[in-house]
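Chains, contacts and geometry: an overview
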Amino acid sequence: GQQVMQIPQYQHVQEGEDFTTYCNSSTTLSNIQWYKQRPGGHPVFLIQLVKSGEVKKQKRLTFQFGEAKKNSSLHITATQTTDVGTYFCAGYTSGTYKYIFGTGTRLKVLA
Amino acid sequence: DAGVTQSPTHLIKTRGQQVTLRCSPKSGHDTVSWYQQALGQGPQFIFQYYEEEERQRGNFPDRFSGHQFPNYSSELNVNALLLGDSALYLCASSFRPPGELFFGEGSRLTVL
């Protein structure tokens, strides 16, 4: 079945350093979403990417959807302690009605 | 405007018992998806309900069943509980996929 993998599994950075997580799907996606889950919390929607090669920015966060629509990345510039949490990508294939979540990247930011 | 609400927030059961979890979707949403999230893992899709019918199902056994009511609220039932069913059960509502998923706080189930 369809699988969505993320690397790295964990990342510890010093506050102010950059961070990137990569998401790879075993199948071509219709769109991809990114979520953030704080420790003890629930996933919260960040963004949705639909077009091949699409790049979107939200303040210090940059999201990219690969040309083949099978991979995506999230880059955070100058991390802050508020960025702590686990970042999940979730892939959607038209007609399946379900989002398949990635394995997640857990980010820790050291002050 | 209330978001997605789930109940109960925590519960403890023993092996072999049955459990029912409840979810009220965000106002205006007509689709409810259930996910199971084991500790340190990503959410795993259980099933989705739309127009009171199960529209899609993940790789979960028949012990997992659900229901959607006319007001779009939903229940997740798990029979013959196993230790491995211990997890956070998340309900997510949306308006006709592939829109944004709004998650509830979850129901944390512990099976002893």
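The structure this text deals with has already been given above.
Residues numbered from 1 in each chain as written. Chains lettered and ligands numbered in written order. Predicted model: local features only at pLDDT ≥ 70, side-chain atom pairs only at ≥ 80, totals over all residues. Heavy atoms only, no water.

Attention now moves to the overall build of chain A. Looking only at helices and strands, chain A features 0 helices and 11 strands. Start at the N end of chain A and walk to the C end: the helices and strands fall as β-β-β-β-β-β-β-β-β-β-β. Computed over C-alpha atoms, the radius of gyration of chain A comes to 13 Å, within 12% of the 13 Å expected from 2.2 N^0.38 for 111 residues, which places it in the range of a compact globule. Buried residues in chain A amount to 45% of all 111 residues. For chain A, long-range pairs separated by at least 24 residues make up 54% of all intrachain contacts whose partners lie at least 6 apart in sequence. (Helix = DSSP H or I, 4+ residues; strand = E, 2+ residues; numbered from the N terminus. Rg over C-alpha atoms; globule rule 2.2 N^0.38 Å. Buried < 20%, exposed > 50% of the residue type's maximum accessible area, 1.4 Å probe, protein only. Contact = heavy atoms within 4.5 Å.)

In this assembly, 20 residues from chain B lie in contact with 18 residues from chain A. Around 1600 Å² of area is buried between chain B and chain A when both sides are counted, 58% of it from carbon and sulfur atoms. Between the two partners, chain B and chain A, sit 7 residue pairs in polar contact (both at pLDDT 80 or more). Those elements giving two or more residues to the side of chain B that touches chain A turn out to be β4 (31-37), β5 (44-50), β6 (53-57) and β9 (87-94) of chain B. A per-element tally of the side of chain B that touches chain A places β6 of chain B first, with 3 residues. Considered class by class, the residues forming the side of chain B that touches chain A number 9 nonpolar, 7 polar and 4 charged. (Buried area = accessible area lost by both parts, 1.4 Å probe. Polar contact = N/O pair within 3.5 Å; in protein donor to acceptor, adjacent residues only side chain to side chain. Nonpolar A, V, L, I, M, F, W, Y, C, P; charged D, E, K, R; others polar.)

Moving on, we come to the side chain of T31 of chain B. Its location among the elements puts T31 of chain B in strand β4. In contact with T31 of chain B, not counting residues within four places along its chain, are Q48, Y49, Y50, R55, A92, S93, S94, R96 and P97 of chain B.

Once that is clear, we can look at the state of the cysteines. Inspection of the entire model under this criterion finds 2 disulfides over all chains. Disulfide partner of C23 of chain A: C89 of chain A, at an S-S distance of 2.0 Å. Measuring the twist about the S-S bond at about 80°, one finds the C23 of chain A-C89 of chain A disulfide to be right-handed. With C23 of chain A in strand β3 (residues 19-25) and C89 of chain A in strand β9 (residues 85-92), this pair connects stretches of sequence that are 66 residues apart. On the basis of relative accessible area, C23 of chain A is assigned to the buried category, the value being 2%. One disulfide bridge connects C23 of chain B with C91 of chain B, the sulfur atoms lying 1.8 Å from each other. Taking the torsion about the sulfur-sulfur bond, which here is approximately -60°, the covalent link between C23 of chain B and C91 of chain B counts as left-handed. Separated by 68 residues along the polypeptide, C23 of chain B in strand β3 (residues 19-24) and C91 of chain B in strand β9 bring together distant segments of the chain. C91 of chain B carries the same exposure label as C23 of chain B, and that label is buried. (Disulfide = S-S within 2.5 Å.)

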